[in-house]
Amino acid sequence: MRAKLTLVNVALLALGIVAATAVSLMGMRHYLLANVDAELTSSRTSLQRTGLTLKQIESLSELGIAIDKLSPGPNSKDAGASSLPRNETVFVAVDRAGEPITVGALRPTARQRDLASAVDDPKALATADEPRDVTVHGDPYRAVGARLADGTTVLLATSTANVRTGIHKALRLDIALGTGLLALLAVLTMIGVSHRMRPLEDMVETASAIADGDLARRVPPHHDTALEVEQLRLALNSMLHQVEAAFETRERSSAQLRRFVADASHELRTPLAAIRGYLQLYDKGMLRDPGERARALRRVHAEADRMGRLVDELLTLARLDQGPELRLRNVNLSRLVREAADDLRVQQPDRPVQVTADGALLVRADESGLRQVLGNLLANVRTHTPEDAPVSVTLERADGTVRLSVADEGPGLAEEDAARIFDRFFRAGGGAGSGLGLAIVEGVVSAHGGEVSVRTAPGAGVRVTVVLPAGEGPVGSAVAEGIPASEVPAREGLATEVPASEAASLSEPVRSSRAATAGTPRSRPTDTARR
């Protein structure tokens, strides 16, 4: 491309130089010839106006012959012996036949004879308006004719050799200068194109590096680049950043999918292996005792239930990944928290449970999803902490959000385990459970447009905080499905008393229609919703 641009620039400049040289030389020749013609025409006019005859100008003719002999032309054999400067004008009188006339004892010179022989028709030349080109003694001349009073024709000619010499010198000078300019332009064009093409070369190098696997490579900036090239660089870098991000997302998704499939296969293989083993024992008749058969049947049912729960959890995660349409309505989250805490007290009577969720606190959410979040958080506490470890559930509203915190005083987690607590099938220390509970919590919370985070340290317990958007209406409003007026205590900052008639009129569930939720953006579960 550099060579093409250089050739184009040099060719354009060469055409310009040729055109300018041609025009200037033509103008120069026209100007110089015009001066010669003006002098000849003026001499002819003056000679004709005097009315002189050949006898009267014999002395002038003799002088012209003498001067021509003393100053011969450049092609004359006696040019080296000339004692006068070269005479550029030739003057000769011709007879009716066009032959030069001998004046006195002086015979016409060779140039005079050549001039007389070069003019075919002296009479026509004498009547011509402009001088004509003739060749005298090998040199170019401009000639005119003048008619004397006695009918004699006189020929006047002036050499134009100087004009031709000057034009040749000007042409050589123009060629030399043009060649120098073309060479200079070629060098400057190569340097300029190399400088301007450097950003494009960097783009090619960047593209080649990215093709080789270096996705972090970017086009570097340059000083004094054209605006269009800089815009192209910025657009290309932006596109490369998006490509890198998309590639990393795809790789991360592929790795998660592979890990998910491997973990799911491993988790399903254990109960399937147990069921297959008991069935083989039964098929071979090795379970003869009724007690052993009953025990084997219970184990088969237990493993089948475990596998069923695992499949249900996998289906839940799959639906969350697809962004399900939530059945949104105003939900009294305080009531759900109290019910979940009551369930935990029934399952583990010896565990101290503290609940701070009085009154009615509304969120716009899917009730079944919130129940699953509370159930998984408390099941995680029940499974991974001692039965006497205290647990506290706190619900509060601040800055337009609802914060739900579940904190235990168990053994806590190491930093590397806390960083993976929301990963699917992750179990700290290989503990019990499927490892999907907190992953489901993160998916449900993200689908509601909320956030979930964890704070823990070895020996300091675990605190999981869920932040959800608050429901419509003022704090303490009892406008929620299934919240009778008798369940709403009048506590400052949390609830207000609602008349029984109003509570009865609001007992019908408020479901969000498809049209109302079609344009509502939902967050998908992410891998890093933790602090």
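Up top is the structure.
Our subject in this report is the structure included herewith.

Calculation rules
Residues numbered from 1 in each chain as written. Predicted model: local features only at pLDDT ≥ 70, side-chain atom pairs only at ≥ 80, totals over all residues. Heavy atoms only, no water. Axes fitted to C-alpha atoms, helices over the stretch in contact; angles between N-to-C directions. Helix = DSSP H or I, 4+ residues; strand = E, 2+ residues; numbered from the N terminus. Parallel < 35°, antiparallel > 145°, perpendicular 65-115°, else oblique. Left-handed = near helix turned anticlockwise from the far one by under 90°. Nonpolar A, V, L, I, M, F, W, Y, C, P; charged D, E, K, R; others polar. Pairing = 2+ DSSP bridges. Contact = heavy atoms within 4.5 Å. Salt bridge = Lys/Arg side-chain N within 4 Å of Asp/Glu carboxyl O. Buried < 20%, exposed > 50% of the residue type's maximum accessible area, 1.4 Å probe, protein only.

With that settled, consider the packing of helix H1 (residues 2–50) against helix H5 (residues 161–211). At a minimum axis distance of 8 Å, the contact between H1 and H5 shows a crossing angle of 160 degrees. Here H5 runs roughly antiparallel to H1, going by the angle between their axes. In the packing of H1 onto H5, the handedness of the crossing is right-handed. A class-by-class count of the residues in the contact of H1 with H5 yields 19 nonpolar, eight polar and four charged.

Another aspect to go through is the sheet that holds strand S9 (residues 401–408). The strand order across the open sheet built from five strands is S6-S8-S9-S11-S10, with neighbouring strands paired in mixed fashion. The open sheet is flanked by strand S6 (353–356) and strand S10 (451–456), the only strands paired with a single partner. Strand-to-strand twist across the sheet, computed as the mean angle between neighbouring axes with direction ignored, equals 15 degrees. Set on the sheet, helix H8 (residues 333–347) makes contact with S6, strand S8 (391–398) and S9; between it and S6 the angle comes to about 175 degrees.

Let's shift gears to the pattern of salt bridges. One pass over the structure, following the stated rule, counts 15 salt bridges. Ionic pairing is found between Arg-198 and Asp-202, a salt bridge with its closest N-O pair at 3.3 Å. Taken together, the residues span about one helical turn, with Arg-198 and Asp-202 both in helix H5 at a distance of four residues. Arg-198 is the salt-bridge partner of Glu-205, the closest N and O atoms lying 3.9 Å from each other. Looking at Glu-205, the relative accessible area reads 38%, which means it is partly exposed. Linked through salt bridges whose partners overlap, the residues forming this network are Arg-329, Arg-335, Glu-339, Glu-367 and Arg-371.

Quick look at the sheet that holds strand S4 (residues 153–159) now. Ordered by their spatial adjacency, four strands build an open sheet running S1-S4-S3-S2, and the pairing between neighbours is antiparallel. At either end of the open sheet lies a strand with only one pairing partner, and these are strand S1 (89–94) and strand S2 (132–136). Averaged over all neighbouring strand pairs, the angle between strand axes comes to 35 degrees, with direction disregarded. By the bridge criterion, six bridges tie S1 to S4 in an arrangement that is antiparallel. Looking at S4, one finds that Val-90 is bridged to Ala-157. In the packing of helix H3 (residues 110–118) onto the sheet, contacts are made with S1, S2, strand S3 (139–147) and S4, and the angle to S1 comes to roughly 65 degrees.

In this section: the pairing of S3. With seven of its nine residues buried, S3 lies for the most part within the structure. In this structure, S2 lies alongside S3, joined through five bridges in antiparallel fashion. Following the sheet pairing, Thr-135 is matched in S3 by Pro-140. Here S2 folds back onto S3, and the loop between the two strands holds two residues, one of which, His-137, carries a positive phi near 55 degrees. Across seven bridges, S3 lies against S4 in antiparallel orientation. What sits directly across from Arg-147, in S4, is Thr-153. Hairpin connection of S3 to S4: five residues between the antiparallel strands, including Gly-151 at a positive phi of 90 degrees.

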